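# Fold and geometry: a report
Take a look at the letters that make up each chain.
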Amino acid sequence: EARGVVLGKSADKLFSLSGLFAVYKPKGPTSAGVLNLLKERLLAEAGVQTNGNKRNQVLKIGHGGTLDSAAAGVLVVGIGKGTKMLRTMLAGSKKYTAIGLLGKATDTLDATGKVTEEKPYDQITKGDLENVLQKFTGDIMQVPPLYSALKKDGERLSTLMKRGEAVEAKPARPVRVYSLSLQQFQPPLFTLDVECGGGFYVRSLVSDIGKELSTCATMQELTRTKHGPFTLEEHALYEDKWTIDEIARSLEHCTSLLPGEPSHKKLKTDHPGETAVSCE
């Protein structure tokens, strides 16, 4: 069909939106699922007909780094020309609040998985936990989880694992932890605040802390409270604010947060496959 349809003002406004903003991703849906819902909402508000299977190619939108479906919090979204700025977001620092559970390990390293091990934890004190955290601060090596969005031959490791295929652990890689602190300790639960660089897995951290304490641990809950300059309190738009006007307002507000455009082209990363921003 020719796109010779006369579109209204709201559609014009929608297609002129450009930049980065943040939405709140609730626990449950995937990051891609949240993005698709956002897209549907905006196109419906603008009165743009999307012909069924030709997935609304008309609106350019993407996110700046997957948040696991079991996790909640800030998801940075690029719209229009903003989609080109998303790659730089992947490397930016992120803040999380995580609740870990001592004494249990799961195959996915979080509450969605099958319990693979149980160990006593009553001997562990708050002091033990705080001492261990120092080992995980700074530049450290981390083995990514087997169930993850990292890819092998173009397929996500989590997809391969769920299909029952043997997946080799990825080698440990350098990651950066800017700060790590214990917020609460009510055995078996402990709450951590962590600020880290790109490519960091909080559930691997929780699991590694368990091992370091000679027991095991798995992540119960995860909330991303900050990604780059975008914070959960100040910038994340909840679902009731997913409207063209609210996003326009947010884009205006968020432009001031971003550094000026560098004139030189950014070099491609060493592992282009591993930083793929999945966004259909």
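As the structure is a prediction and not an experimental result, all values here were calculated from the model.

Cut-off values and rules
- Residues numbered from 1 in each chain as written.
- Predicted model: local features only at pLDDT ≥ 70, side-chain atom pairs only at ≥ 80, totals over all residues.
- Heavy atoms only, no water.
- Helix = DSSP H or I, 4+ residues; strand = E, 2+ residues; numbered from the N terminus.
- Buried < 20%, exposed > 50% of the residue type's maximum accessible area, 1.4 Å probe, protein only.
- Contact = heavy atoms within 4.5 Å.
- Areas by Shrake-Rupley, 256 points an atom, 1.4 Å probe, with all protein chains shown as cover.
- Pairing = 2+ DSSP bridges.
- Phe/Tyr/Trp six-rings, centres within 6.5 Å; stacked < 30°, edge-to-face > 60°.
- Salt bridge = Lys/Arg side-chain N within 4 Å of Asp/Glu carboxyl O.
- UniProt positions renumbered as here; feature names shortened; annotations may be inferred.
- pLDDT = per-residue confidence, 0-100.

## Remarks on the overall build of the protein chain
On a plain count of helices and strands, the protein chain comes out with 8 helices and 14 strands. In the protein chain, which comprises 280 residues, the share counted as buried stands at 42%. Within the protein chain, contacts between residues at least 6 apart in sequence are counted, and of these 71% link residues at least 24 apart. By element, 51% of the accessible surface of the protein chain is carried by carbon and sulfur atoms, the whole surface being about 15,100 Å².

## What to know about the environment of Leu59
Positionally, Leu59 belongs in the loop between helix H2 (31-46) and strand S2 (61-63). Owing to a relative accessible area of 5%, Leu59 belongs among the buried residues under this scheme. When the C-alpha positions of Leu59 and Ile79 are compared, they lie 7.9 Å apart, and in sequence the two are 20 residues distant. The contacts of Leu59, once residues within four sequence positions are left out, are Leu14, Phe15, Lys39, Leu42, Leu43 and Ile79.

## What about the pairing of strand S11 (residues 189-196)?
The buried fraction of S11 amounts to 6 of the 8 residues, a majority that puts the element mostly inside the structure. Taken together, the 8 bridges between strand S4 (residues 94-102) and S11 define a ladder with antiparallel strand orientation. Counterpart to Leu101 in the pairing with S11 is Leu189. Relative to S11, strand S10 (residues 173-186) runs antiparallel, the two being bridged by 8 bridges. Paired with Ser179 across the two strands is Glu195, which belongs to S11.

## Remarks on unusual backbone geometry
Residue Pro188 is reached from Pro187 by a cis peptide bond, and omega for that bond is 5°. Positionally, Pro188 belongs in the loop between S10 and S11. Even without a glycine there, the phi angle at Leu109 is positive, about 70°. Relative to the helices and strands, Leu109 resides in the loop between strand S5 (104-106) and strand S6 (115-118). The class of Leu109 is buried, set by a relative accessible area of 17%. Positive phi outside glycine occurs at Ser214, with the angle close to 60°. Within the fold, Ser214 resides in the loop between helix H6 (202-212) and strand S12 (217-227).

## Remarks on the pairing of S4
Judged from the 9 bridges that link them, S4 and S12 form a sheet pairing that is antiparallel. Across the sheet, residue Leu101 finds its bridge partner in S12, namely Thr218.

## Quick look at the packing of aromatic side chains
Under the criterion given, the structure shown has 1 aromatic pair. Here the aromatic rings of Tyr24 and Tyr238 are separated by 4.5 Å at their centres, their planes lie at 20°, and the arrangement is stacked. Of this pair, Tyr24 sits in strand S1 (residues 19-25) while Tyr238 sits in the loop between strand S14 (236-237) and helix H8 (244-255); the two residues are 214 residues apart in sequence, bridging distant segments of the chain. A residue is classified by how much of its surface remains accessible, and Tyr24, at 21% relative accessible area, is partly exposed. Using a relative accessible area of 40% as the deciding quantity, one classes Tyr238 as partly exposed.

## Notes on the pattern of salt bridges
Applying the stated criterion across every chain yields a total of 11 salt bridges. Across the salt bridge formed by Arg176 and Asp139, the nearest N and O atoms sit 2.7 Å from each other. Of the two residues, Arg176 sits in strand S10 while Asp139 sits in strand S7 (residues 138-142), which places them 37 residues apart along the sequence. Residue class for Asp139 comes out exposed when judged on its relative accessible area of 57%. Note that Glu165 and Arg163 form a salt bridge whose closest N and O atoms lie 2.9 Å from each other. Residue classification places Glu165 among the partly exposed positions, given a relative accessible area of 38%. Salt bridges sharing partners connect three or more residues here, namely Glu155, Arg163 and Glu165.

## Things to note about the UniProt feature "domain: tRNA pseudouridylate synthase B C-terminal" (unreviewed entry) in the protein chain
Here the UniProt-annotated "domain: tRNA pseudouridylate synthase B C-terminal" (unreviewed entry) positions come out as residues 203-235. In the segment residues 203-235, helix accounts for 42% and strand for 39%; the C-alpha atoms at its two ends are 25 Å apart.

## Observations concerning the confidence of the model for the protein chain
This prediction gives the protein chain a mean pLDDT of 88; 88% of its residues lie at or above 70. A low-confidence stretch, residues 262-280 (pLDDT under 50), is modelled with 21 contacts involving residues beyond four sequence positions or located in other chains.

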